[in-house]
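# Observations on the model geometry
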Amino acid sequence: MGDDPASRVYVNSKKKACAEIGIKSEEYALPAETTEEQLLELVQKLNNKPDISGILVQLPLPKHINEETIINAIDPSKDVDAFHPMNVGKIMIGNFDFLPCTPAGVMELINETGIDVAGKECVVVGRSNIVGKPQAMLLLHKHGTVTICHSRTKNLAAVTKRADILVVAVGIAEFIKGDMIKPGAVVIDVGMNRLENKKLVGDVHFESASKVASAITPVPGGVGPMTIAMLMKNTVKSAIIQSEK
Ligand code: NDP
């Protein structure tokens, strides 16, 4: 909804990924003044449309729309972002159909390093519902010893320096510097921040951090593409779920 430039970029990337792997996608670009009732009607229509197996509402929504109301209206079996409370609860229990795309992508990246999460000190900086909290839960499922930091954490650097695996999702450009990282740590940078000169940077100061970390994700080209890959995975899964109904 509306004309948020970042949302436009994300939606285009998702549509492109669908086209590349043969998933049919439909875009409903609604004007900013669309009412909550109209948006709910559309979600209901897509819930009942048999050839639609996955639904994604691109956030953020304009202020007059209650995001929670809209997410709650999505059929949980078509909720490929895994934001519906039923899916969030299933993730908490560890018996889930879908994982939220960004944290799931981060887990794939950690897996690629060959590091076994079990018993490792894992620190997640950020506690949002879409990244930080589910990320911590996924690391816990893999038996990490997990600490979650946020804006009220005291002496952040002392906590981040303990991390064997550090996941950063704060939304502040180049916030975590090399001297806040334990030598040899695996560093995953979820952040995407546009500087005034239009350059895209992460929440980690790559230059100083890459000298200390054993593995580190770049921005762009790290977590972002993995998020989209996980969305495709969820969509295939939802198609299978719909076909078995
Ligand atoms: P939110 O703004 O929802 O959450 C930010 C979190 O960072 C909050 O929990 C906040 O704490 C914490 N925080 C803020 N300031 C500090 C500080 N000084 N010290 C420690 N913690 C702090 O952001 P999101 O989780 O939605 O996104 C985070 C970043 O990841 C953004 O850059 C976003 O663009 C990016 N992103 C990237 C995606 C991708 O696909 N690559 C997908 C989703 C997000 P508190 O709760 O106390 O306020």
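Residues numbered from 1 in each chain as written. Predicted model: local features only at pLDDT ≥ 70, side-chain atom pairs only at ≥ 80, totals over all residues. Heavy atoms only, no water.

### Focus on a nonpolar patch on the surface
- Taken together, Val9, Tyr10 and Met192 make up a surface patch of nonpolar side chains, about 250 Å² in accessible area.
- Mapped onto the elements of the fold, Tyr10 is located in helix H1 (residues 5–21). (Patch = residues over 30% accessible without salt bridge, like charges linked within 9 Å, V, L, I, M, F, W, Y side chains within 5 Å. Areas by Shrake-Rupley, 256 points an atom, 1.4 Å probe, with all protein chains shown as cover. Salt bridge = Lys/Arg side-chain N within 4 Å of Asp/Glu carboxyl O. Helix = DSSP H or I, 4+ residues; strand = E, 2+ residues; numbered from the N terminus.)

### As for the site of the ligand
- By nearness alone, 21 residues border the ligand, and Arg127, Ser128, Ser151, Met192 and Thr227 come closest of all.
- Compared with its free state, where it exposes 930 Å², the ligand has 70% of that area covered by protein.
- Judged by the fraction of its atoms near the pocket grid, the ligand is located in the largest pocket.
- The biggest single contributor to the shell around the ligand is helix H9 (residues 223–243), with three residues. (Near = heavy atom within 4 Å. 1 Å grid on protein atoms, 1.4 Å probe; cavity = no way out; pocket = protein on both sides within 12 Å on 5 of 7 lines; lining within 4 Å. Sits in = over half its atoms within 2 Å of the grid points.)

### Focus on the pairing of strand S3 (residues 165–168)
- Residues Ile165 and Val167 of S3 are buried on one face, and the alternating residues Leu166 and Val168, pointing to the opposite face, are buried as well.
- Relative to S3, strand S1 (residues 121–125) is paired through four bridges, and the arrangement is parallel. Bridging across to S3, Val124 finds its partner in Val167.
- In the sheet, S3 pairs with strand S4 (residues 186–189) via four bridges, with the strands oriented parallel. (Buried < 20%, exposed > 50% of the residue type's maximum accessible area, 1.4 Å probe, protein only. Pairing = 2+ DSSP bridges.)

### Some remarks on empty space enclosed by the protein
- Summed over all chains, the structure comprises one cavity of 30 Å³ or more.
- Within this model, the largest cavity holds a volume of roughly 40 Å³.
- Ile55, Leu56, Val57, Ile71, Ile74, Asp79, Asp81 and Phe83 are the residues that line the largest cavity.
- Among the residues forming the lining of the largest cavity, the class breakdown is six nonpolar, no polar and two charged. (Points joined across faces, edges and corners; volume = space filled by probe spheres on them. Nonpolar A, V, L, I, M, F, W, Y, C, P; charged D, E, K, R; others polar.)

### Some details on the confidence of the model for the protein
- Per-residue confidence for the protein averages 97 on the pLDDT scale, and 100% of its residues sit at or above 70.
- By mean pLDDT, the top-scoring element of the protein is S1 (99), and the lowest-scoring one is strand S5 (residues 193–194) (94). (pLDDT = per-residue confidence, 0-100.)

### Observations regarding the pattern of salt bridges
- Applying the stated criterion across every chain yields a total of 13 salt bridges.
- Of the charged contacts in the structure, one is a salt bridge between Glu27 and Arg8, with a shortest N-O distance of 2.8 Å. One end of the pair, Glu27, is in the loop between H1 and helix H2 (36–47); the other, Arg8, is in helix H1, and 19 residues separate them in sequence.
- For Lys211, the salt bridge is made with Glu207, and the minimal N-O distance between the two is 3.9 Å. Pair check on accessibility: Lys211 and Glu207 agree, each one exposed.
- Look at the salt bridges and you will find they share partners, linking Lys24, Glu26, Lys49 and Asp51 into a network.

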